[in-house]
Amino acid sequence: IGNGETNVGLFIPSAYIQFGYLLSKRATLQVGLSYGRNKEHKEAISPTVPGATYNIYSRTRGILMLATLQLTLFNANKRLPIYGTASIIPTYGFSNASMTEIKDNITTIAYDDNTSAINGFATLGLGFRYKINKRFDAYAEALILKSNLNGNNSYYYRYSRYIVQ
């Protein structure tokens, strides 16, 4: 934030709706829509300016759409199919971020900005589904690849580097 560069931050989907369609005995298409948000507030002491503290605040909200294809790879006894999964997830996020410097009881606004961005993400993985009865399934997935199609992966954004100058 302190270097004048703002990235739309991490948001955690909290409300979503998803629909699935059985394309064939082995393929399923799922589409969904989700809303998420995240707030952060940090207080930092400057290593370069003696006696200065910084209040860093950010709030991010986002909307994402999800399109997932699942393809059954192995279905030994019909109760425990193993499948591959691939997803494309376009997102729209909007953030507001600010940083204030407090030194000698004087508060200065160092940074205050609103920004928005469109990002795209892709995932690949493997999963298995256990058929409990005719109406219910339980499943687990392991994502092998998670990629931000616009640049750095989400690890960079999640653990933001605040540069205080």
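Residues numbered from 1 in each chain as written. Predicted model: local features only at pLDDT ≥ 70, side-chain atom pairs only at ≥ 80, totals over all residues. Heavy atoms only, no water.

Overview of the overall build of the protein
Definition in use: Helix and strand assignments follow DSSP, with helices taken as H or I runs no shorter than four residues and strands as E runs no shorter than two, numbered in order from the N terminus. For every residue, the accessible area obtained with a 1.4 Å probe (protein chains only) is divided by the maximum for its type, and the residue is called buried under 20%, exposed over 50%, and partly exposed between those limits. By definition, residues are in contact when any of their heavy atoms lie within 4.5 Å. In this description, accessible areas are obtained by the Shrake-Rupley approach with a 1.4 Å probe, and a residue is regarded as covered only by the protein chains that are shown.
Of the regular secondary structure elements, the protein holds one helix and six strands. Counted from the first residue to the last, the protein has its helices and strands arranged as β-β-β-β-β-β-α. Out of the 165 residues belonging to the protein, those deemed buried represent 26%. Considering only contacts in the protein between residues 6 or more positions apart, those separated by 24 or more positions represent 59%. Carbon and sulfur atoms make up 58% of the accessible area of the protein, which amounts to about 11,400 Å² in all.

Thoughts on the side chain of Ser95
Spelled out, the test is: Side-chain atoms alone can form a polar contact between residues adjacent in sequence; in general such a contact is a pair of N or O atoms within 3.5 Å, and within protein one must be able to donate a hydrogen while the other accepts it.
Note on placement: Ser95 falls in strand E4 (residues 82-103). Of note is the side chain of Ser95, whose polar atom sits 2.6 Å from the side chain of Thr60.

Some words on unusual backbone geometry
Non-glycine residue Asp104 carries a positive phi angle of around 55°. Positionally, Asp104 belongs in the loop between E4 and strand E5 (106-131). For Asp104, a relative accessible area of 65% puts it in the exposed group. Not every positive phi belongs to a glycine, and Asn105 is a case in point at roughly 60°. In this fold, Asn105 is placed in the loop between E4 and E5.

Focus: the sheet that holds E4
Backbone-to-backbone hydrogen bonds join strands into a sheet, with any given pair of strands oriented parallel or antiparallel. Spelled out, the test is: When DSSP finds at least two bridges between two strands, those strands are taken to pair. Angular values range over 0 to 180 degrees, each being the angle between N-to-C directions of two axes fitted as lines to C-alpha atoms, with helices fitted over their stretch in contact.
Strand order in the open sheet formed by six strands is E1-E2-E3-E4-E5-E6, and the pairing between neighbours is antiparallel. Here the strands that pair on one side only, and so sit at the sheet edges, are strand E1 (12-22) and strand E6 (137-148). Within the sheet, the average angular offset between the axes of one strand and its neighbour, ignoring direction, is 20°. The pairing of E1 with strand E2 (residues 27-45) spans ten bridges and is classified as antiparallel. Following the sheet pairing, Tyr16 is matched in E2 by Ser34.

Here we look at the packing of aromatic side chains
Here is the rule we go by: The aromatic pairing rule takes the rings of Phe, Tyr and Trp, using the six-membered ring of Trp, and pairs them if the centres are within 6.5 Å, calling planes under 30 degrees apart stacked, those over 60 edge-to-face and the rest tilted.
Taken as a whole, this structure holds one aromatic pair when the rule is applied. Relative to Phe94, the ring of Tyr92 lies with its centre 5.5 Å away and its plane at 40°, an arrangement referred to as tilted. According to the relative accessible area criterion, Phe94 is partly exposed, its value standing at 21%.

Here we look at the pattern of salt bridges
Spelled out, the test is: Within this document, salt bridges are pairs made up of a side-chain nitrogen of Lys or Arg and a carboxyl oxygen of Asp or Glu, the two lying within 4 Å of each other.
On inspection of all chains with the given rule, the structure shows three salt bridges. Notably, a salt bridge pairs Arg129 with Asp137, separated by 3.7 Å at the nearest N-O pair. Taking the shortest distance from any N to any O, the salt bridge between Lys131 and Asp137 comes out at 3.7 Å. Asp137 gets classed as partly exposed once you look at its relative accessible area, which sits at 38%. What you see here is one network of salt bridges that share partners, running through Arg129, Lys131 and Asp137.

Some points on the confidence of the model for the protein
Where we set the bar: pLDDT runs from 0 to 100 and stands for how confident the predictor is about each residue.
Averaged over every residue, the pLDDT of the protein is 81; residues scoring 70 or more account for 86%. Element-level pLDDT for the protein is lowest in helix H1 (residues 154-158), with a mean of 47, against a maximum mean of 91 in strand E3 (residues 53-74).

Observations regarding the side chain of Ser34
Relative to the helices and strands, Ser34 resides in strand E2. At 3.1 Å, the side chain of Ser34 and the backbone oxygen of Ala15 are in polar contact. Sequence-distant contacts of Ser34, defined by excluding residues within four places in its chain, comprise Pro13, Ala15, Tyr16, Gly62, Ile63 and Leu64.

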